Amino acid sequence: MQIKTKSGRVIQLPTDEEDAEINAGIAADPDTYELSDEDFKRLRPMGRPKAEVTKERITIRLSPDVVEAFRATGKGWQSRMDKALREYVQEHSQSDIERLG
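Residues numbered from 1 in each chain as written. Predicted model: local features only at pLDDT ≥ 70, side-chain atom pairs only at ≥ 80, totals over all residues. Heavy atoms only, no water.

Moving on: the packing of helix α3 (residues 64-71) against helix α4 (residues 77-91). It is at 8 Å that the axes of α3 and α4 come closest, and there the two elements cross at 115 degrees. Counted together, Val66, Val67, Phe70 and Arg71 of α3 and Trp77, Arg80, Met81 and Ala84 of α4 form the full contact between these two elements. Looking at side-chain class alone, the contact of α3 with α4 contains six nonpolar, no polar and two charged residues. (Axes fitted to C-alpha atoms, helices over the stretch in contact; angles between N-to-C directions. Helix = DSSP H or I, 4+ residues; strand = E, 2+ residues; numbered from the N terminus. Contact = heavy atoms within 4.5 Å. Nonpolar A, V, L, I, M, F, W, Y, C, P; charged D, E, K, R; others polar.)

What follows is the structure in C-alpha cells.
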C-alpha cells in the first residue's frame with residue numbers, strides 16, 4: 001500500500017508478510033526492541049519548544065545602517081529589533097505612524 005505525505009512524497013508501506021518479517025527480526029535481535037506505550041510516555045519532544053506567541057515571517061527592506069546597528073548587538077538582534085518596534089507602536093498613535101510614510 002502507498003501513502004502520500006503532506007510534502008507530497010509517496011511512501012510504500014510494507015505488506016503484512018514483510019511487516020511480520022521485520023517484527024521477527026526485531027524480536028531476534030537482543031540489541032533492539034519495540035518501545036512500549038510506557039516508553040513512549042517517557043519520551044520528550046525534540047527541537048525547540050513551541051512558543052506561546054508566534055511571530056509572523058515577512059520580507060522587509062531596511063536601511064543598511066539600521067540593520068548593521070542591530071546585528072552588531074549579537075545573537076538575538078532580530079528579537080531586539082522586534083522589541084524596539086513594539087515599543088514604538090505602543091508609544092505612538094496610529095496617525096503618528098501613518099505620518100511617517
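Bringing a nonpolar patch on the surface into the picture now. On the surface, Tyr33, Leu35, Phe40 and Leu43 cluster together to form a nonpolar patch covering roughly 440 Å² of accessible area. Position of Leu43 relative to the elements: it lies in the loop between α2 (37-42) and α3. (Patch = residues over 30% accessible without salt bridge, like charges linked within 9 Å, V, L, I, M, F, W, Y side chains within 5 Å. Areas by Shrake-Rupley, 256 points an atom, 1.4 Å probe, with all protein chains shown as cover. Salt bridge = Lys/Arg side-chain N within 4 Å of Asp/Glu carboxyl O.)

Taken as a whole and judged by the stated rule, the model has three salt bridges. Residue Asp82 is joined to Arg86 by a salt bridge in which the shortest nitrogen-to-oxygen separation is 3.4 Å. Residue Asp82 and its partner Arg86 are both found in helix α4; the two are separated by four residues, about one turn of the helix. For Arg86, a relative accessible area of 48% gives the class partly exposed. (Buried < 20%, exposed > 50% of the residue type's maximum accessible area, 1.4 Å probe, protein only.)

These figures capture arrangement, not role.
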